Amino acid sequence: MNSFLKRTWAEIDLNAIAHNYRAIRQSVPLHSKMMCVIKADAYGHGAQWIAKEYERLGADWFAVSNFAEALQLRNAGVTTPILILGYTPVEMAKELSEYHISQAVFSEDYAKHLSYHAQKSGVTVRIHIKLDTGMTRIGLMCQDDIQCAQAVDAAERIAKMDSFVPEGIFTHFAVADEAEDGEAYTLTQFHCFNQAVEELERRGLHIPLRHCSNSGACLDYPQMSLDMVRCGIILYGLMPSSKIRNQIDLHPAMQLKSIVSLLKTVESGAAVSYGRTYHTKDAAQIATVPIGYADGYSRNLSDRAQMLVHGRRAPIVGRICMDQLMLDVSSIKGVREGDIVTVFGTDHGSTISVEELSSLCGTINYETICLIGKRVPRIYYRDGKMVGELDYICP
Ligand SMILES: *Cc1c(COP(=O)(O)O)cnc(C)c1O
């Protein structure tokens, strides 16, 4: 234990995870099931641990992006239903069935091939039919009346294909997190979806799970929750955008920490890091920190971002290297080698948010947390005590 403290690590607060789950559960209508989106290693938080936690809290469903992510959960002992939101090779019909994994079906051709392979293997596959009401990503095109009519016909044929159990039907919003700017479009998407579902019902085809809400819609359009919501980013305590109108109390679950590996005092005019882009103006105290772009800390943050040392902000000076970077800690008293550096999170009441770093490098909080490298161990805390460690390199 504590070997991780020697370099760079991510602290994940399971109390925050539980708090967020309960806060969301309370803001979503009671009759709507909760599908926890834990694709991309639970947005970088460590899928096995996070899945176990949500399972304990009563999550109804999990969503992942691909078969490997689903299998990882099953291998970890997760028994909650799992939906693969994206593409799975049709040859995996047998495995989908064996592991009780439901598959999104997003075109009639894909459906035919998947059905063929399911039949050939003598298995049935649970499917969720995906309608494309405005993302133009995957799904049966359903963005106007003519397309909608065609999508309904196709969905009916798909639902009746051999070896399928039609379990769900869903769509995905493009601008549910953009407040007024996205309202008309979101309402249109929801309308198209409902029209298609209602027409299928009229034809006697009842698909039990209708779902369309991502985090943005969970917060700002609770009336669209239907049978299930698919929330991702808010589970981890982050907002899908800064424009959300209906704020709820969320706690960011992850903090990224490192240490001062070396301190040196340099003269004015010293060139720091590759390319000599930064020269000290006066004599300075430079702290080297063992985190770099290979840990998922973007090189675009060179000479821009800050980190917390003793609760005070220290600027990154010079280029961020693959495994290390330098801070100017001249203005902070009493810094010593081995001191903790907060890359994002809170230290002595000061905070550097994921959003601050994301906007400095021109991206969104989603990408920043997903990109945290696999050589950064995830350390889990409950009630302030360390309860586990996920080490990807030396499991
Ligand atoms: C990723 C994803 C979600 C979750 O999105 P958040 O904005 O994180 O809530 C929901 N549905 C689909 C289809 C997705 O791909």
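A brief look at the structure comes next.

Here is what the cut-offs are and how they apply
Residues numbered from 1 in each chain as written. Predicted model: local features only at pLDDT ≥ 70, side-chain atom pairs only at ≥ 80, totals over all residues. Heavy atoms only, no water. Near = heavy atom within 4 Å. Polar contact = N/O pair within 3.5 Å; in protein donor to acceptor, adjacent residues only side chain to side chain. Areas by Shrake-Rupley, 256 points an atom, 1.4 Å probe, with all protein chains shown as cover. 1 Å grid on protein atoms, 1.4 Å probe; cavity = no way out; pocket = protein on both sides within 12 Å on 5 of 7 lines; lining within 4 Å. Sits in = over half its atoms within 2 Å of the grid points. Helix = DSSP H or I, 4+ residues; strand = E, 2+ residues; numbered from the N terminus. Axes fitted to C-alpha atoms, helices over the stretch in contact; angles between N-to-C directions. Parallel < 35°, antiparallel > 145°, perpendicular 65-115°, else oblique. Left-handed = near helix turned anticlockwise from the far one by under 90°. Contact = heavy atoms within 4.5 Å. Nonpolar A, V, L, I, M, F, W, Y, C, P; charged D, E, K, R; others polar. Points joined across faces, edges and corners; volume = space filled by probe spheres on them.

**Here's the deal with the site of the ligand**
Step number 1: The local shell around the ligand holds 13 residues, among which K39, Y43, S215, I233 and Y366 are the closest.
Step number 2: A distance of 3.4 Å is found between an oxygen atom of the ligand and a side-chain nitrogen or oxygen belonging to R137.
Step number 3: At 2.5 Å, a side-chain N or O of S215 approaches an oxygen atom of the ligand.
Step number 4: Within the complex, the protein chains bury 91% of what would otherwise be the 390 Å² of accessible surface of the ligand.
Step number 5: Using a 2 Å cut-off from the grid points, one finds that the ligand occupies the largest pocket.
Step number 6: For the shell around the ligand, the elements supplying multiple residues, two or more each, are α2 (39-43) and β10 (228-231).

**Looking at the packing of helix α1 (residues 14-27) against helix α3 (residues 47-57)**
Step number 1: It is the contact of α1 with α3, at a shortest axis distance of 10 Å, that shows an interaxial angle of 45°. As judged from the angle between their axes, α1 and α3 are oblique. As for how α1 packs across α3, the hand of that crossing is right-handed. Contacts between α1 and α3 involve L14, I17, A18, Y21 and R22 on the former and, on the latter, W49, I50, E53, Y54 and L57.
Step number 2: Partitioned by chemical class, the residues of the contact of α1 with α3 number eight nonpolar, no polar and two charged.

**Observations regarding the layout of surface pockets**
Step number 1: In this structure, the largest pocket spans a volume of roughly 510 Å³.
Step number 2: For the largest pocket, the lining is made up of 27 residues, of which K39, Y43, R137, H172 and N214 are closest to its centre.
Step number 3: Per-class residue counts for the lining of the largest pocket are 15 nonpolar, seven polar and five charged.
Step number 4: In this model, the second largest pocket occupies a volume close to 350 Å³.
Step number 5: Around the second largest pocket, the lining is made up of 21 residues, and of these P252, M254, Q255, G345 and T346 lie nearest the centre.
Step number 6: Every element with two or more residues in the lining of the second largest pocket is listed here: β1 (9-13), β11 (254-259), β19 (340-347), β20 (350-352) and α10 (354-360).
Step number 7: Broken down by class, the residue content of the lining of the second largest pocket amounts to 11 nonpolar, seven polar and three charged.

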